[in-house]
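Results of the structural survey
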Amino acid sequence: MILQRGGPHRLWGWGPPHGRVAVFVDGEPAGEAASDALGRWIVEIPEIAPAGAHDLEVRGSGSIHLRDVWSGDVWICAGQSNMEFPLSRAVPGPGITEDVSRLRCFLAEKRVASGPGEDIAGAWSVGGGEESAAWSAIAYAFGEHLLRETGVPVGLIQLAWGGSPIEAWMPIEAIGEIPSLEAHAERCRKAALGETRDAMEAWNSHRQEAFTSTAGRDRGWASPEFDDSMWAACPVPGVFDEVTGDFDGAVWYRRSIEIPEEWVGRDLCLRLGVIDDLDHTYWNGVLVGTTGTDTPDYYKHSRVYTVPGQLVRAGSTTLCVRVFDEYLSGGFLSPEEMLCVGPADDPGAAVPLAGTWRIAIEQGIEEKPPTVGNAQETPAGIFHAMVEPLLPLPFCGVLWYQGENNLGNAARYRLLFPAMIEYWRFRGGRDFPFFFVQLAAFGVPRRSAAGSAWAELRAAQMAALALPHTAAVSAIDLGDAADIHPKNKLPVGRRLADCALQGIHRRADLCASGPEAEEVALDSGRLAVRFRHAEGLHTTDGRTPAEFYAELESGEIVPLDGVIAGDSVVFAVPAGNRVRGLRYAWADNPSVNLVNAAGLPAWPFRREIP
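The structure contained in this document is the topic of the report that follows. Sequence order as written defines residue numbering, which begins from 1 separately in each chain. At least 70 in pLDDT is required for a residue's local features to be given in this predicted model, at least 80 for side-chain atom pairs to be given and counted, and no such filter applies to totals for whole chains, interfaces and linings, which use all residues. The side-chain quantities take in all heavy atoms of the structure and omit both hydrogens and water.

Observations concerning the pairing of strand S13 (residues 249–259)
What counts is decided by this rule: Three labels apply to residues, based on accessible area from a 1.4 Å probe with only protein chains included: buried if under 20% of the type maximum, exposed if over 50%, partly exposed otherwise in between. In this description a helix means any DSSP run of H or I spanning at least four residues, a strand means any run of E spanning at least two, and both kinds are numbered starting from the N terminus. Only strands joined by at least two bridges in the DSSP assignment are considered to pair.
Along S13, eight of the 11 residues are buried, which leaves the element largely enclosed by surrounding structure. One ladder, built from 11 bridges, connects S13 with strand S18 (residues 315–325); its direction is antiparallel. The residue of S18 that forms the bridge with Trp-252 is Arg-322. Here six bridges tie S13 to strand S22 (residues 355–364), and the two strands are oriented antiparallel to one another. Following the sheet pairing, Arg-254 is matched in S22 by Arg-358.

Shown next, in the form of structure tokens:
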């Protein structure tokens, strides 16, 4: 194993009450302690020599003999499935030729606990052997890069567990200390105690009542005569949370379509793509389709409805969709080309439905109670069983890759993530370095920067950078549209290692950050964004910078073509439009190409413009 260098090593354990424990290094006495009334003991020994392997023996009522012990840097590697993703599945393969025997990993057994934990189970293994195939690919690449660059042995403590929300990684009292999250803390407490059955039954009843409500229709919202000019503008496809904030319940979408004479009397095929989660769809006030909870996988079911010919008349027609979201984000999730309407017997004549719609909230529902379908979802469960026992251990820092299980609750994550870091540091007694991965691109690429739960969560992650000794790396360019677990993990680990080399080993020759928007200015029809960490700013494909969009006062979101000028990207504002905001890579799966000389991608952002 590896013990943290730079100071005394802290060892602890259990034995008979009021017993004596002595520690020997290479056969020489190094420290001793007495166990308390419960048999617990702790002893600090001087730092072992950094060069070479050592033998360490603990003698008490029995003895424990540890061999091949080194002094180096120890890192806790935590998070969910993308941190857990094993080296054996990563591409390209490791291709490591150097000796990595001084790279060690402790693979912790997955456990949850309902109260404070004292010990964890697991085993150390040596890098380069067959066992390292099961290590986290990110952790392996991180440790290998550090070892090669510094020569310092690296120990990795892998705590990752797929499918775990951030609430599982922090105690419930830490959630409750955030004033706006007191109610959420209480929901978490009930979930951890298994007291959610009544709450789920009540929520299901309320959800069904709200879904079948006719409140919006009774107000005339489906009627073509209704005036929706005061409703908010919202891009489609996209999620309505962009306009409403985090919201569950019924939201109405409306837009007008011009129907040509040649369509009159013909059945139309109305394609709306995937709607998250449920819907009622109206054509000129008449219900033409609905998808409810009786449809299997309704939240990812593509909507295709028939508009009967007798309802089709020439001229302006009002299309209304009552979208009902029950969990996380809601809205239209398919690519633009999948949203269209046209004659059923002539698909080529279909017209697109993507663009700006008008929306209004009909009614909300309470947030779905936390449930514990899997052990790793238990609030505070992982913290107590796997994190808490390790916090007295001297270690160098933490690597973190998590967030997918908190999609749709970005505002909450913005509060929880820094609170979790602060609590870990409080219990560990110091502000240890904390480096994390911003979520990779995932999902269907879209040609418009509509609302995105992924973009919101990425932005929420960055709130943790307000804390000292934190750093982030981007994986926005390393995602996979079809796989939430992209296999290109080794660059992620190396980017994290560069953070450690720069921040801890003081390597001034390294750039560990991609271009970061520092200033956005609008002047005389010229819009410019200036970046820091922008030395050698360029595009990877030689084309103009992609994924920049202007938010217009009208509510439209339009793409921008810009040119690179030193550390800035400059755009001409569309004539006759007032720009209220600029966004970059603000999508689930943006196609980014803007990088600096180190090849690191520009950070996604969204900025308002006065």
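A few points about the nonpolar core
Put simply, the rule is: Residues belong to a common nonpolar core when they are buried Ala, Val, Leu, Ile, Met, Phe, Trp, Tyr or Cys residues joined through side-chain atoms within 4.5 Å. Should any heavy atoms of two residues lie within 4.5 Å, those residues are considered in contact.
Leu-159, Trp-169, Trp-400, Phe-417, Met-420, Trp-424 and Phe-434 are the most contacted members of the largest nonpolar core, which totals 95 residues. By residue number, the principal contributor to this core is helix H9 (residues 410–428), which donates nine residues. Apart from the residues within four sequence positions on either side, Met-420 is in contact with Ile-166, Trp-169, Met-170, Trp-400 and Phe-434. Listed in part, the 27 residues of the second largest apolar core include Ile-259, Phe-332, Leu-339 and Val-341.

Overview of the layout of surface pockets
To keep things clear, this is the line we draw: Both site types are read off a 1 Å grid over the protein atoms alone. A 1.4 Å probe that fits but cannot get out defines a cavity, while an open set with protein on both sides within 12 Å along at least five of seven lines defines a pocket; lining residues have an atom within 4 Å of a point. Grid points are joined across faces, edges and corners, and a volume is the space filled by probe spheres set on the points. Gly is placed with the polar residues, together with every amino acid not listed as nonpolar (Ala, Val, Leu, Ile, Met, Phe, Trp, Tyr, Cys and Pro) or charged (Asp, Glu, Lys and Arg).
In this structure, the second largest pocket spans a volume of roughly 1,100 Å³. If you trace the second largest pocket, you find 41 residues lining it, with Met-1, Leu-11, Trp-12, Gly-13 and Leu-66 closest to the centre. Of all the secondary-structure elements, those providing two or more residues to the lining of the second largest pocket are strand S1 (2–4), strand S2 (9–14), strand S3 (20–25), strand S6 (54–59), strand S7 (63–79) and strand S9 (122–126). Along the lines of polarity and charge, the residues of the lining of the second largest pocket split into 24 nonpolar, 11 polar and six charged.

A closer look at the packing of H9 against helix H10 (residues 453–461)
Under the convention used in this document: A fitted line through C-alpha atoms represents every axis, and for helices the fit uses only the stretch in contact; the resulting angles, taken between N-to-C directions, go from 0 to 180 degrees. For this classification, under 35 degrees means roughly parallel, over 145 means roughly antiparallel, 65 to 115 means roughly perpendicular, and everything else is oblique. In a left-handed crossing the near helix is turned counterclockwise from the far helix by less than a right angle, and in a right-handed crossing that turn is clockwise.
The N-to-C vectors of H9 and H10 enclose an angle of 20 degrees; their axes lie 8 Å apart at closest approach. Taken together, the axes of H9 and H10 are roughly parallel relative to one another. Here H9 and H10 pass one another in a crossing that is right-handed. Facing H9, whose interface residues are Ala-410, Tyr-413, Arg-414 and Phe-417, H10 presents Glu-456, Leu-457, Ala-459, Ala-460 and Gln-461. Of the residues assigned to the contact of H9 with H10, the class counts are six nonpolar, one polar and two charged.

Re empty space enclosed by the protein
The probe, sized like a water molecule, is rolled over the atoms to show the empty space still left. Under the counting rule described, the total for this entry stands at three cavities of 30 Å³ or more. If you trace the largest cavity, you find it lined by Ala-472, Val-473, Ser-474, Arg-495, Ala-512, Ser-513, Gly-514, Leu-600, Pro-601 and Trp-603. Broken down by element, the residue count for the lining of the largest cavity peaks at three residues, all from strand S25 (residues 470–474).

Remarks on the pattern of salt bridges
Threshold: Think of a salt bridge as a Lys or Arg side-chain nitrogen and an Asp or Glu carboxyl oxygen that are within 4 Å of each other.
In the structure shown here, the tally under the stated rule is 31 salt bridges. The salt bridge partner of Asp-477 is Arg-495, with a shortest N-O separation of 2.9 Å. Separated by 18 residues along the polypeptide, Asp-477 in the loop between S25 and helix H11 (490–503) and Arg-495 in helix H11 bring together distant segments of the chain. Taken together, the shared-partner salt bridges connect Glu-144, Arg-148, Glu-149, Arg-507 and Asp-509 into one network.

Some remarks on the pairing of strand S29 (residues 548–552)
Of all the five residues making up S29, five are buried; the element is thus mostly covered by neighbouring parts of the structure. Here S29 shows a buried face lined by Phe-548, Ala-550 and Leu-552 and a second buried face lined by Tyr-549 and Glu-551. With five bridges connecting them, S29 and strand S33 (residues 579–584) associate as antiparallel partners. In the strand pairing of S33, Glu-551 is matched with Gly-581. The pairing of S29 with strand S30 (residues 557–559) spans three bridges and is antiparallel. Bridge pairing in S30 links Tyr-549 to Pro-559. In textbook terms, the turn of a hairpin is the stretch between consecutive antiparallel strands, and for S29 and S30 this stretch comprises four residues, one of which, Gly-555, has a positive phi near 100 degrees.

A word on unusual backbone geometry
Looking along the chain, the bond that leaves Val-236 and enters Pro-237 is cis, with omega of 5 degrees. Here Pro-237 lies in the loop between strand S11 (232–236) and strand S12 (238–239). Not every positive phi belongs to a glycine, and Arg-506 is a case in point at roughly 60 degrees. Its location among the elements puts Arg-506 in the loop between H11 and strand S26 (516–523). When its relative accessible area of 66% is taken as the criterion, Arg-506 is described as exposed.

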